[in-house]
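# Fold and contact review
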Amino acid sequence: MPDKPKVAFYWCASCGGCEESIVDLAEDILEVAQAVDIVFWPVAMDFKRKHVEAMPDGSILATMVNGSIRTSEQEEMAHLLRRKSQILIAYGSCAHTGGVPSLANQFSKEQILRTVYEEAPTVVNEQKVRPQPRHPYDGTALTLPEFRGLVRSLDQVVEVDYYLPGCPPTPKLLKQAVLTLLSGQLPPKGTVLAPDTAQCDSCPRKESKPADLKITEFKRPHWTQIDPEKCFLAQGIICMGPATRSGCEAQCIKGNMPCTGCFGPTSRVRDQGAKILSALASSVDAREPEEIEKILGGIPDPVGTFYRYSLAKSLLRAKVTR
Ligand code: SF4
Ligand code: SF4
């Protein structure tokens, strides 16, 4: 019997939700597990880095990496898994576009370390001790991964073949991706494995989205009684639908929450935040600068709202680079 194709999973800077989404395959995970040989999946199986290092280059059919890249160890693992894999897939928003961790690119490395190790209200650290990448100990050195100055998406570190978007990707998309890999009928390199249409195109509320949207006030979802049938933007609630790729089956919208943009942009959009900003700016129903400023002032955290998952891949990319 021929060997089964080898697959691997790895996580970098992530919350663990992508790993859970693999388990969310439920009974389908048995079908996947029967079809492939999982050779590396640190969160679930006891394989070590040395086992991957010992594998011949290109011997893994496909590796799915979730999480963005923040540390030297994540960088090294991305390069190692790239070398060992025929196909490398950026799995989930953080690997795809930087995700929530890349919002940290608004702050310098120094600001982050000072906040976490010295100034956070729950920290007592009078000597201002910080973790060091090397620490001499008993004639040897203890080492920690280095904290890099920027959070990057996977393709800002190594070449990526395909992207599975979402926070996390849906089990349906994952299963489809695995079946596509096994079929050998691969789409062009660089493809995002989800429909290339905007959320609004398939949204269950699309009929209630006015062609000529007029926004006089931005409301936060928890401030208002949300109409469960009506387009969020028509209610003055920011919805990233116009700037976001479909394929999630409108999960948030069906749960009466606006889309926050986790599937990233479609192929026609270069910068997800800029796209929604331009859509909203042209819908603000005011003429006087003070009035416009007042309406836009109702958006509490513009970077966190418009670039929640995509700051690393945006044109802005970072507020500071050191
Ligand atoms: S803006 Fe949001 S709620 Fe409105 S149609 Fe688009 S995805 Fe649906
Ligand atoms: S509705 Fe938007 S935020 Fe929610 S899962 Fe879909 S793409 Fe992600």
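It should be noted that the structure appears before, not after, this text.
The following refers to the structure shown.

Conventions used here
- Residues numbered from 1 in each chain as written.
- Chains lettered and ligands numbered in written order.
- Predicted model: local features only at pLDDT ≥ 70, side-chain atom pairs only at ≥ 80, totals over all residues.
- Heavy atoms only, no water.
- Helix = DSSP H or I, 4+ residues; strand = E, 2+ residues; numbered from the N terminus.
- Rg over C-alpha atoms; globule rule 2.2 N^0.38 Å.
- Buried < 20%, exposed > 50% of the residue type's maximum accessible area, 1.4 Å probe, protein only.
- Contact = heavy atoms within 4.5 Å.
- Areas by Shrake-Rupley, 256 points an atom, 1.4 Å probe, with all protein chains shown as cover.
- Lys, Arg positive; Asp, Glu negative; His and termini not counted.
- Charge placed at Lys NZ, Arg CZ, Asp CG, Glu CD.
- 1 Å grid on protein atoms, 1.4 Å probe; cavity = no way out; pocket = protein on both sides within 12 Å on 5 of 7 lines; lining within 4 Å.
- Points joined across faces, edges and corners; volume = space filled by probe spheres on them.
- Nonpolar A, V, L, I, M, F, W, Y, C, P; charged D, E, K, R; others polar.
- Arc of directions from axis to C-beta.
- Polar contact = N/O pair within 3.5 Å; in protein donor to acceptor, adjacent residues only side chain to side chain.
- Near = heavy atom within 4 Å.
- Pairing = 2+ DSSP bridges.
- Axes fitted to C-alpha atoms, helices over the stretch in contact; angles between N-to-C directions.
- Sits in = over half its atoms within 2 Å of the grid points.
- Phe/Tyr/Trp six-rings, centres within 6.5 Å; stacked < 30°, edge-to-face > 60°.
- Core = buried A, V, L, I, M, F, W, Y, C linked by side-chain atoms within 4.5 Å.

## Digging into the overall build of the protein
- Helix and strand content of the protein: 12 helices and 9 strands.
- Relative to a compact globule of 322 residues, whose C-alpha radius of gyration would be 20 Å, the protein shows 22 Å and is just as compact.
- Over its C-alpha atoms, taken along the principal directions, the protein stretches across nearly 65 × 60 × 30 Å.
- In the protein, buried positions account for 44% of the 322 residues.
- When contacts within the protein are restricted to residue pairs at least 6 apart in sequence, those whose partners lie at least 24 apart make up 75%.
- Surface accessibility of the protein: about 17200 Å² in total, with carbon and sulfur atoms responsible for 54%.
- Of the charged side chains in the protein, 38 are positive and 38 negative; the average position of the first set lies 3 Å away from that of the second.

## Regarding empty space enclosed by the protein
- Counted by the stated rule, this structure contains 4 cavities of 30 Å³ or more.
- Of the voids in this model, the largest cavity is the one considered here, and its volume is about 100 Å³.
- Forming the walls of the largest cavity are 13 residues, and the residues nearest its centre are Cys200, Cys203, Cys231, Phe232 and Cys239.
- A per-class count over the lining of the largest cavity returns 8 nonpolar, 2 polar and 3 charged.

## Looking at helix H10 (residues 272-281)
- Those residues of H10 that sit buried are Gln272, Gly273, Ile276 and Leu280. Taken down its axis, H10 places every buried residue within 95° of arc, on the same side.
- For H10, the N-terminal capping position is held by aspartate 271, with its side-chain oxygen 3.2 Å away from the main-chain nitrogen of glycine 273.

## Observations concerning the site of ligand 2
- Neighbouring ligand 2 are the residues Gln199, Thr244, Cys248, Cys252, Cys259, Thr260, Gly261, Cys262 and Phe263.
- When grouped by side-chain class, the residues that make up the shell around ligand 2 number 5 nonpolar, 4 polar and no charged.

## Thoughts on unusual backbone geometry
- A cis amide bond links cysteine 167 to the next residue, proline 168, at an omega of -5°.
- Locating proline 168 in the fold gives a position in the loop between strand S9 (162-164) and helix H7 (171-183).
- The phi dihedral of aspartate 138 is positive, around 50°, even though this residue is not glycine.
- Following the sequence through the fold, aspartate 138 ends up in the loop between strand S6 (134-137) and strand S7 (140-143).

## What about the sheet that holds strand S3 (residues 60-66)?
- Here we have 5 strands laid out as an open sheet, ordered S2-S1-S3-S5-S9, and parallel in their pairing. Looking at the sheet topology across the chains shown, the edges are occupied by strand S2 (37-40) and S9. Each neighbouring strand pair of the sheet contributes to a mean axis angle of 30°, computed without reference to strand direction.
- As paired strands, strand S1 (residues 6-11) and S2 are joined by 3 bridges and run parallel to one another. Paired with valine 7 across the bridge in S2 is isoleucine 38.

## Some details on the site of ligand 1
- Lining the immediate surroundings of ligand 1 are Cys200, Cys203, Lys206, Lys209, Cys231, Phe232, Leu233, Cys239, Gly241, Pro242 and Ile253.
- A majority-of-atoms criterion places ligand 1 in the largest cavity.
- Looking at side-chain class alone, the shell around ligand 1 contains 8 nonpolar, 1 polar and 2 charged residues.

## A short note on the packing of aromatic side chains
- For the coordinates displayed, the defined rule picks out 2 aromatic pairs.
- Arranged with centres 5.1 Å apart and planes meeting at 50°, the rings of phenylalanine 9 and tryptophan 41 form a pair that is tilted. Taken together, the residues phenylalanine 9 in strand S1 and tryptophan 41 in the loop between S2 and helix H3 (49-53) connect sequence positions 32 residues apart.
- A residue is classified by how much of its surface remains accessible, and tryptophan 41, at 8% relative accessible area, is buried.

## Looking at the nonpolar core
- By size, the foremost hydrophobic cluster in this structure holds 28 residues, and its most contacted members are Phe9, Met64, Ile87, Ile89, Tyr91, Leu164 and Leu174.
- Counting only elements with at least two residues in this core, the list comes to S1, helix H1 (17-23), S3, strand S5 (85-91), S9 and H7.
- It is H7 that contributes the most residues to this core, 5 residues altogether.
- Setting aside residues no more than four positions away along its own chain, isoleucine 87 makes contact with Leu61, Ala62, Thr63, Arg82, Asp161, Tyr162, Leu181 and Leu186.
- Judged by nonpolar contacts, the second largest core, of 26 residues, contains Cys231, Ile237, Ala250 and Ile299.

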